[in-house]
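Observations on the three-dimensional arrangement
Chain residues, written in single-letter form:
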Amino acid sequence: MSTIASQSSLPATQTSAGTAARLHVVHDRDIDLAGAERGAAVFLSSLGVDLSQEGLGDTPARMAKAWAEFFSPRPFDMTTFPNDEGYGDLVLARDIPFRSICEHHLLPFTGTAHVGYLPGERILGLSKLARVVELFASRPQVQERLTQQVANWLRDQLAPLGVGVVLEAEHTCMTLRGVRATGAVTVTSAMHGLLREDARSREEFFALTGIRR
Ligand code: ZN
């Protein structure tokens with residue numbers, strides 16, 4: 001289970017913004033659907049579910065496909081552009097919906113992500129921030145690690161002056177079972193660079209995300 005980030009040879013797109021750099025991000029996870037289907041059938045039968053019952057015959061296959069989809073982020077190009085205009089204010093994508101899977105119970109947790117950065121020499125398309133969240137959310141996770149992985153990846157790939165990531169999520173392993181804390185929201189954050197060190201930048205970031213703290 002690993003993420004490949006390959007620097008493609010650039011089509012050297014000459015735009016008014018200068019030269020675009022493209023990083024093609026794909027996932028190389030091996031998925032054995034037949035094996036997953038067999039496993040799902042054993043899992044359900046072991047829980048006393050009668051798979052010969054009408055409507056349940058194809059359930060193991062559907063389960064395998066659904067989980068394979070959960071674990072397969074869509075490939076994307078992370079195209080970055082020179083920050084020719086010298087834009088120096090916070091760039092923020094707020095309320096990005098995401099879903100991930102808690103690695104302890106394999107139950108979904110869902111919520112919204114707020115991802116921002118202070119541009120350095122390069123900027124990137126806002127939609128890519130959502131794709132980075134999807135990339136790391138599409139695997140068994142804990143929310144804290146997911147938050148950090150998104151922040152670290154943007155720090156390493158974009159080299160901005162600062163990065164901030166906040167996730168707000170509801171964990172079904174906590175709301176539908178166990179303590180059944182319906183409506184409980186877990187908030188996590190990860191900051192790098194100026195957003196970590198400079199109180200004013202950090203305040204601005206949190207004000208723009210709309211998070212109360
Ligand atoms: Zn859990």
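Relevant structure appears above.
Presented here is a report on the structure given in the accompanying data block. What you see is a predicted model, and the numbers here were worked out from it, not measured in a lab.

Structural notes on the overall build of the chain
Within the chain one finds 7 helices and 11 strands. Per-residue burial over the chain gives 25% buried out of 213 residues. Considering only contacts in the chain between residues 6 or more positions apart, those separated by 24 or more positions represent 69%.

Description of the nonpolar core
Residues Val132, Val133, Phe136, Val150, Leu154, Val163 and Val165 are the most contacted members of the largest nonpolar core, which totals 29 residues. The set of elements that each furnish at least two residues to this core consists of β7 (108-118), α3 (127-137), α4 (143-158), β10 (162-171) and β11 (186-193). The contacts of leucine 154, once residues within four sequence positions are left out, are Tyr117, Val132, Pro160 and Val163.

Comments concerning the pairing of β7
Where burial is concerned, most of β7 is hidden: 8 out of the 11 residues are buried. Note that strand β6 (residues 91-102) and β7 share 9 bridges and pair antiparallel. Residue pairing in the sheet places leucine 92 in a bridge with glycine 116 of β7. Sheet topology note: the β7/β10 ladder contains 10 bridges and is antiparallel. Bridge pairing in β10 places alanine 113 opposite leucine 167.

Notes on the environment of valine 187
Structurally, the position occupied by valine 187 is in strand β11. Residue class for valine 187 comes out partly exposed when judged on the 14 C-beta atoms lying within 10 Å of it. Discounting chain neighbours no more than four positions away, the residues touching valine 187 are Val166, Glu168 and Ile211.

Rules used in this analysis
- Residues numbered from 1 in each chain as written.
- Predicted model: local features only at pLDDT ≥ 70, side-chain atom pairs only at ≥ 80, totals over all residues.
- Helix = DSSP H or I, 4+ residues; strand = E, 2+ residues; numbered from the N terminus.
- Buried ≥ 20, exposed ≤ 12 C-beta atoms within 10 Å, placed from the backbone.
- Contact = placed C-beta atoms within 7 Å.
- Core = buried A, V, L, I, M, F, W, Y, C linked by C-beta atoms within 7 Å.
- Pairing = 2+ DSSP bridges.

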